[in-house]
Each structure stands twice: as structure tokens, then as C-alpha cells.
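Examination of the molecular architecture
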Amino acid sequence: ISGVGGTSMTWQPPLLRSWMCIDSTKWAIAFISGRFSQGPVGSAANHGSSYEEPDGTDEPSATLASGTSASQQNSDKQILHRWNRYVYSLAETCAQRRHSFWDRLCIEEASGSLGDLGTLIPLLVGCAKLGSIRVGPAMLWMGIFNIISGIQWDIPMAVQPMKSISAVAISDGLSSGAFAAAGILTGSAVLVLGLTQTIDLANRLIPRSIIAGMQIGLGIKMAAQSGSYWKSQKWLDGVDCRTTSLICMLFSLVLMLRTKLPTALIVFGIGLVLTAISMATKGAEPNAGKFQLPVIVPQGDEWLDGLVDGALPQLPLTVLNSVISVCALSVDLFGNPEKCGKGVTRVSVASSVGLMNVVGCWFGGMPSCHGAGGLAGHHKFGARGGMSVIMLGAVKVVLALSLGEGLNAVIEFYPVAVLGVLLLFAGVELASVGAKALQTSETFNDDLLPCFVTAGVYMGTRNLGLGVLTGLLTAAVQRWENIQ
């Protein structure tokens, strides 16, 4: 490889495959870090240093000036060795991400990026209408976190509102301060669980049958939510009616079963057309408002309201569904990370959820998590890599900065009939993943009872923690009887 000014450069071991050796990203990072050494054209003496491998290996290390003690030499060599390995790993990751994102820059990823809008938009609009959140800042932070998640894991990891906190805000009403406090407290608790790796202990205590029950229960609950949209509509009542919902559902089935077209992208586009018609009919105009990033500092009573009404009910749901369940789903869909798969680890997801809320909720961000339903929705509609959520995040950021408060009108008029269809298929995908995981279990007959007890109690009580507790008790009694 030719270096600066035509100087010959050679890459020190370990060697990579040929396509990685010439990758510009890796070359640049490695050159800056000193991983390249002079080849035959330039001698080591010309630069006042030579390279040798500590402890008999081939890794380069700088020979220090005379007069330095042997222990200091070894210490500095070890530091340089670790730094070189870190830069090498970083360069390799950058190269892999660049190639992956370029390969996945396609219409399928764009379609899959819309798979979780059926959950996002109703909760975002509901909270915005009651003053708990502002659409512009919330959309901006979700877009930023989408982009970071896509780069970090290179899978279509969703960024969704925390459902329990959002439901309390919509049903009982929470001030913006209490809403932010709920997200900050929940995020702080999950971050501690991630950094201390306590989340792995919780995972070991929960059998695979209980996780499958959580996925089945949440999937059916998401599909049933689309049915509630149907109940609130009439057959012919403008563009947002039962007829629209039925047509979109049949159209989606035909597209998914008979073609390879991007179903979610097409259906979402139909929704945008209907939104424009509805706004024109009612005389609403999507005026671009000035974007403002608020600073929210909860006061005394708001911390208490956020803890009691928001954080405490949300924490079990976040730990179980947004960490343990979503990690299990990612392993099912993308492979075990310990076996070179792209599935995510519980520690990384818990830390990510914690940081999202500890950082974003102070500045107008909506309490957010990585939901299993969102990941299933992205995957169902064609997403297979991080490029899908990067595209989604970029669109969110652009819309938030350009339209600002004008987003309120657009989102408010988006037809619920179309959202219900997207939510229906996302829920079916999540439930089917849980059922398939249960089917492949070696103890299938024994796992059926705790699985469906978990799903049934969760769906009936709308309390995931209670459903998991009941499932665990069922599994314990069942195991005790088997031992006897």
C-alpha cells in the first residue's frame, strides 16, 4: 500500500481479508493510530523508532528511549498494545458497518422502518394532546436514538414510547414535569441494572417458556388494540372509517402473500394521502412552526407523581419486555451474539434504555425503550439491518427541525384505520415468534402451561409483572410435581 508522499507502507499482523486491507475507513484510522510501519523504502532509523512484538507476538510496539527501566518499557508496551487492539477493533467495526449500511440501502429497509408506527403515533398524539409532551422535541430525540441504535447494533432495533407511562399520562393526566420524572427515574433504575449486570441475574431466573408467554401475550394484545380502533369507527365517516381499515387490511394481505413489494411503505403512503385529504376537508394547514428545545426540571411533587404513577408500574414492563424479551427475540431473528450472530446482549440494551431516558427526558424527550413489538414490526415488513432505523431516525430529525410544532396537525389527522392495520400485523409477527420459540423447546409439553398462564394473566390484567409472577409460580409448582 502506498503511504503519504509515495512512501511504501506495510500492514503489521494480524492480516485481514484482502477487501478489509484496502478499506479506506480502516486505513485512515489505523494510519492515525500508528498501526502502519515503514516498509522497505523508509527505514525505522529515519523516524527514530523501530517495531517489535512484546512477548513474542507480532503486535507492534515502540522502542523507548535509552535510560528507561525495563518495567517502564513493559508497561508502556502493554498500554500501546491495548491501544492498538482497541483501534484495530474500532476500525474493523467501522468498516463492517459501512459495508452493511451500503448493502442495505434499499426499498425493503425503507418499508421495514415503518413497522412500529402503529404503536408510536397513537401514544405520541395522545400524550401531546394532554400537554404531557411536545411532538417536535419528542420526535427529535427519538430520531437521534434511532440513528444511534442502528449504528450500534446494525439490526432494526425499535425506539418506542414506554407504554405504561404513556397510558397513565393519557388516562389520568401527567404534567410535563411528572412525565419527564417518570422517564428519568425508570431510565436510571434500568441503567443501574445494566451497568452492574444485574439484568443477567433476572434473565437466569426467568424460564424460556415465560419469555415466550410474554411475547405471545404482548403480540395478541397489540393485535387486539387494532380491534379497538375498529370499534371506535363507523362504516362511512370520512376517510378514517371501517371501510378504509378493511380495504387497507385486504390490500396488505395481498401485497404480503402474493408480491414482494414493500407493504408497510405502500400502506403508510396511502395513509399520508388520506391525511392530506382529511386536512383539506377540515381546513387545517400544516404550517411549519418554530422548533424549540425545552428544558424540563421536575419539581418536588412531580418527582413523587412520576415515581408512584409512572416509574413503579413501568419498571417491570421495561425490564421484562424492553430488555429480556427483546434480547431473546433478537437472538431468534438474528442469531446468538456469542456465536457470531447479530443478536443483542441484555447489558447493552439495558444501558441503552437507561441512557436514552436519563439524557433525553430533561430536554423534551418522551420516555422511550426498545420494545419487542417494534423489533418484530420492523422485521415483519422487511427490515434486516440497522439501515432501516437510521433512515427512520433521519426522517424524524428532519421533520422535527423543519416543521417544529406544525407536526402536531399532521400526526393528529393521520388515519387511525391505517395505523390499526400496521399494528395488527406487527402483533401477529411478535406472537408467532414466541410460539415458534416454544415449539422448538425440548420440554414443549411442560412449557405450554406456564407460557399460556403468563400470556392470559397479562392480557386480562394488563399487568406484565403480575403475568410473569403467575407464570413463575406455575412453573415452580410444575417442576416440584415432576421432582416428586
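Going by the structure above, here's the rest.
Residues numbered from 1 in each chain as written. Predicted model: local features only at pLDDT ≥ 70, side-chain atom pairs only at ≥ 80, totals over all residues. Heavy atoms only, no water.

A few words on the overall build of the chain. Along its length, the chain carries 20 helices and six strands. In the form shown here, the chain has an accessible surface area of approximately 22600 Å², with 62% of it arising from carbon and sulfur atoms. (Helix = DSSP H or I, 4+ residues; strand = E, 2+ residues; numbered from the N terminus. Areas by Shrake-Rupley, 256 points an atom, 1.4 Å probe, with all protein chains shown as cover.)

Turning our attention to helix α16 (residues 387-403). With 17 residues, α16 extends 24 Å from end C-alpha to end C-alpha; this agrees with the ideal 24 Å at 1.5 Å per step. Residues of α16 that are buried: Met-387, Ser-388, Val-389, Ile-390, Leu-392, Gly-393, Lys-396, Val-397 and Ala-400. Note on α16: the residue one or two positions beyond its end, Gly-404, has a positive phi of about 60°. (Expected span 1.5 Å × (residues − 1). Buried < 20%, exposed > 50% of the residue type's maximum accessible area, 1.4 Å probe, protein only.)

Below, the discussion takes up the side chain of Asn-357. Assignment of secondary structure puts Asn-357 in helix α14 (residues 346-360). Overall, Asn-357 belongs to the buried group, its relative accessible area being 0%. Apart from residues lying up to four places away in sequence, Asn-357 is in contact with Met-162, Gly-183, Ile-184, Gly-187, Met-366, Pro-367 and Ser-368. (Contact = heavy atoms within 4.5 Å.)

Take Gly-343: it is sitting in the loop between α13 (300-334) and α14. Under the relative-accessibility criterion, Gly-343 is labelled buried at 8%. As for Gly-343 and Leu-333, which are separated by 10 residues in sequence, their C-alpha atoms are 7.5 Å apart. Ignoring anything within four residues of it in the chain, the contact list for Gly-343 reads Ser-330, Val-331, Phe-334, Gly-335 and Pro-337.

In this approach, a probe sized like a water molecule rolls over the atoms, and the result shows the empty space that is left. The space that makes up the largest pocket amounts to roughly 880 Å³. If you go around the largest pocket, you meet 29 residues; those closest to its centre are Leu-123, Lys-163, Ala-167, Lys-221 and Gln-225. Elements with a minimum of two residues in the lining of the largest pocket: α5 (117-129), α7 (163-171), α10 (208-231), α13, α19 (444-461) and α20 (464-483). The leading source of residues in the lining of the largest pocket is α10, at eight residues. Looking at the lining of the largest pocket residue by residue, the class counts come to 17 nonpolar, nine polar and three charged. What the second largest pocket holds in volume is close to 560 Å³. (1 Å grid on protein atoms, 1.4 Å probe; cavity = no way out; pocket = protein on both sides within 12 Å on 5 of 7 lines; lining within 4 Å. Points joined across faces, edges and corners; volume = space filled by probe spheres on them. Nonpolar A, V, L, I, M, F, W, Y, C, P; charged D, E, K, R; others polar.)

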